[in-house]
Amino acid sequence: MPPDIRLLRLPPTSIAAFFGNEVLPSGGLRIGRTDADRRRHLFLIGARRFCFSPADEERESGFLPILRAIVRGDRRNWALSLDNPFIARNLKPRHVEDVLIETQDDAKLALGFFNFLSFHRKFDHSTLAFCILIVTLLESDLFWPASSVLQSLLLRPVTPTEVCGSLMVSRTRCGLSSTSGFDLLIWSYVQNRKVLHAVRVLEFMKGHGLSPSVRAFCEVLNALLGIRRFDLAEKMYGELVEAGLRPDGSVYTLMVRCLCERRDVDRAKVLVAEAEVNGLIYSIIIYNILIHGLCKVGKVADAIEVKKSLATKGFNADVVTYCTIVLGLCKLGDVYAAVELIEEMIGNGILPSEAACSRVIDGLRTKGDAEKAFEIVDVLGKHGIIPNLFAYNALLNSLCKRGKSNNAEDLFHRMEKKGLMANDVTYSILIDSYCKTARLNDGLLLFEQMVEKGIKMTVYPYNSLIHAHSKLGKMKEAEHLFMEMIGKGLSPTVVTYTSMISGYSTVGDLESALKLWSEMSYRAVSPNTYTFTALIGGLSRSNRMVEAHKLFDEMLELKMKPNEVTYNVVVDGYCRAGNTKKAFELLEEMVQRGLEPDSYTYRPLISALCMSGRVPEAKQFIDDICKANYKGLNAMCYTALLHGYCGEGRMKDAYLVCRQMEERGFKLDLVCYGVLISGICKSNEMQELTKVLEDMEKRGLTPDEIIYTTIIDSYCKQGSMIEAFKVWEKMIIHGCVPNLITYTVMINGLCKAGHVNKAEVLCKEMLVTENQPNRVTFGCFLDFYAREGKMGEALHLHSRMRYKFQANTVTYNIMIMGFCRCGKIKEAVELLAEMTEDAVPSDCISYSILIYEYCKLGNLREAFKLWNDMLNRGLNPDTVAYNILIHGCCAHGYLRNAFELRNDMMKRGLLPNRVTYNSLVQAICKIGNIENG
């Protein structure tokens, strides 16, 4: 910044002539006045006389002497005398004006009388009375009382013109020629930041042939620059020059500053040269202003030339000169030239400012020259210019922001070696960096170290750690930090709440997220766009779209602008809910707001269209986006379309989409090939599989465990175990390690094919790897034993699963089905009770298997008993369950019960199907009622 401009002084001759006055040889001023001016003044002075009749004037002549005597008398009698009904009734502002004029010889008496009426009698003084008192006080050198009276006047709704007019009248009536009242008015307006009012006062004075003081003129000019009204400042200067008058050094300094602010440095240089020729430069200030202007427009080389020329003009560069050029060089990126200048400064015994040093250090850091930055920091630290810790923290923060956490860590250790005590800012910077670079454990260790050293704890390290834990879904740890933070008296910020709400929303714990949302209002913490987006996203993912949209509307009501992410999560939510119409309406609204959709906007829309069987519309949507040259499409969007075609078995269309992707510049990635291969396997077009795998190899892509598992699963389902093992071996050869799902798929295929021994070998192989068998893996063996009637082996395996808490509803249903197949319904029913004991929830399938067996045995009593038990547990029977019991009733002659079940089925919103009606019709025909059947 340029140095402050001090109060400027203009020669009286310049100012007087500028405002149309003549300077007498004695140094006094003759006020230029036209005939029109004289008539105006006479009117102002005598206007009131035309308002009085002769009788009024006679009363006035008698009243004023009384009032004058009271004022000149003992002040202690003022209250009693002025309370006289005659005085109180007849006292008018004009009387006060006259008394004030007559007490000019005693300004303090005039002020006392004026204040007495104001404070004790609540008398409403005229503007003229204020002005008479002001000029009286100024004439007696009572500046501050006069200023106080003027401030009271300006609190009234009076315009600058009104005040100026009253000051003119007061000067005339008081017989004064001084313009000090106007000067004080100008000063007051400037102090009250009403600079344009001050300009109007100057214009009034010029129009009435009055000249302001040098001080007043300069204050207005300086104030105009302060409010950046450079146009008015130049206008005033232009009028000064047009009058043929020579500005002094102060005016030149101000105008150079004005031109530099307007980036007109060429004219500024001309003015400086003109001031030099006229010998009106008294200090280095004007040169520093010019140097600042040159640096501001990037002409640093010219600024350096000005600095070099200072010595020839009798001036030495000061700290402002040097630091201004240093900052200019850094702005241009010439940081090494700035370093040389810093070194020159120190060599000349001038200490650079903290701002200049920080800028140089940051410039060196940006250039990657950390060593030089460290060197500068050390040198500056020895001179005590800036705190070393401040400089190190700045460097540390810069390195962390650039992702160079290792360099930052090295710098941190260097600080310790130099004996510098890291503060809360240092630790906060490093902890935040660790959290953002997936080094959460290191961040926690540093946090513990911070606590051990007793360093002041702030909200920032807590926010970083809470955000990192929330992002990983570790909400227990995040909640612990949150409560610890509050326990230490630290108030959570909107960043804290946003991280927690986002974490809870991600893991599906919306109740906790909504609880924190309510807590924000209680703690008077206002949510921001990111907070709204996090909660809206959580509600959308949980298919609570009514609440999500209500929150979205609330966001708009608060005049908070949703961003692309906000719209994306709402669009995704409506797509998940199957409401593609609303999703596309939001897309249109998003574009109208000037937001740019991206792949996260398009992908859910494409997926939703495909999921609802509208794949051609999804294809047309992508084509429309490409035609409109919109950005945002990527391979993921095409993958969603591929998934749609593959899901419908339209593999030819899927191949066309792949070709179109490449034509539009999108490369097929591993995910695209995975979807394509999955479609090929589902369509059983295994001859195409070899071509696709070869194409992948040509592109340098190797199938991953997901693609290999998909292929193996397809062969297993076809019963082609030899082909499945070929793929398995190829997978291992290519260094792709089978995962838990791959093993389970192979084991399931082997069990279904009856090769349980080979399946057991694979299972034992799993035990020595990281892929430990789970309940699904064991379920494959369980299903084999149950289907083969080997219930002893099945029961043994089931017991092991129970012991390891791996038994679930599916495995129990396999066991129940196995016992029922063997005719051991008692053991099957016992398993149902065992499920309750193990807290494993039974489902409709569990009961349907047993009901079917009882119906087959003709034991309808037990069948209905199980049915009622199922209903009492809150389980809703499906169509299959109803059909089993209806068929059982029909088969054993309980037709009435069958129809009652049919009616109950319809009440529950389930439509009877072909199986239902076949059972009922056959039962009716069986009893001979063919017509009703």
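All of these numbers come straight from a predicted model, not from anything done at the bench.

Regarding unusual backbone geometry
Across the chain, the bulk of peptide bonds are trans and the bulk of non-glycine residues have phi less than zero.
Turning to step 1, where the next piece is worked out: We note that Lys 559 has phi near 60 degrees; this positive angle belongs to a residue other than glycine.
Turning to step 2, where the next piece is worked out: When you line up the elements, Lys 559 lands in the loop between α32 (545-557) and α33 (564-576).
Turning to step 3, where the next piece is worked out: With a phi angle near 55 degrees, Phe 805 is a residue other than glycine that sits in the positive phi range.
Turning to step 4, where the next piece is worked out: If you trace the backbone, Phe 805 turns up in the loop between α46 (791-803) and α47 (809-821).
Turning to step 5, where the next piece is worked out: Using a relative accessible area of 71% as the deciding quantity, one classes Phe 805 as exposed.

Some points on the pattern of salt bridges
Turning to step 1, where the next piece is worked out: If you walk through the whole model with that rule in mind, you get 44 salt bridges.
Turning to step 2, where the next piece is worked out: We note a salt bridge from Asp 98 to Arg 173, for which the minimum N-O separation is 2.6 Å. Here Asp 98 is found in helix α6 (residues 93-102), whereas its partner Arg 173 is found in helix α10 (residues 160-174), with 75 residues between them in sequence.
Turning to step 3, where the next piece is worked out: According to the relative accessible area criterion, Asp 98 is buried, its value standing at 18%.
Turning to step 4, where the next piece is worked out: In this structure Arg 173 comes out as partly exposed when scored by relative accessible area, which is 24%.
Turning to step 5, where the next piece is worked out: Salt-bridge contacts for Arg 523 lead to Glu 519; the nearest nitrogen and oxygen are separated by 3.3 Å.

Some points on the state of the cysteines
Turning to step 1, where the next piece is worked out: Counted by the stated rule, this structure contains 0 disulfides.
Turning to step 2, where the next piece is worked out: Cys 260 carries a free sulfur, and the closest cysteine sulfur to it, the one in Cys 258, is 9.3 Å from it.
Turning to step 3, where the next piece is worked out: Its sulfur unpaired, Cys 844 is 13 Å from the next cysteine sulfur, which belongs to Cys 855.

So, helix α28 (residues 475-487)
Turning to step 1, where the next piece is worked out: The first and last C-alpha atoms of α28 sit 18 Å apart over 13 residues, in line with the 18 Å expected at 1.5 Å per residue.
Turning to step 2, where the next piece is worked out: Taken together, the buried positions of α28 are Met 475, Ala 478, Leu 481, Phe 482 and Met 485. On an axial view of α28, the arc spanned by its buried residues comes to 120 degrees, and they lie on one face. Summarising the geometry of α28, the exposed residues directed more than 90 degrees from the buried face are Lys 476, His 480 and Gly 487.
Turning to step 3, where the next piece is worked out: Packed against the buried residues of α28 are α27 (459-471), α29 (494-506) and α30 (510-522).
Turning to step 4, where the next piece is worked out: Looking one or two residues beyond α28, the residue adopting positive phi is Gly 489, at roughly 80 degrees.

The rules behind these values
- Residues numbered from 1 in each chain as written.
- Predicted model: local features only at pLDDT ≥ 70, side-chain atom pairs only at ≥ 80, totals over all residues.
- Heavy atoms only, no water.
- Helix = DSSP H or I, 4+ residues; strand = E, 2+ residues; numbered from the N terminus.
- Buried < 20%, exposed > 50% of the residue type's maximum accessible area, 1.4 Å probe, protein only.
- Salt bridge = Lys/Arg side-chain N within 4 Å of Asp/Glu carboxyl O.
- Disulfide = S-S within 2.5 Å.
- Expected span 1.5 Å × (residues − 1).
- Arc of directions from axis to C-beta.
- Contact = heavy atoms within 4.5 Å.

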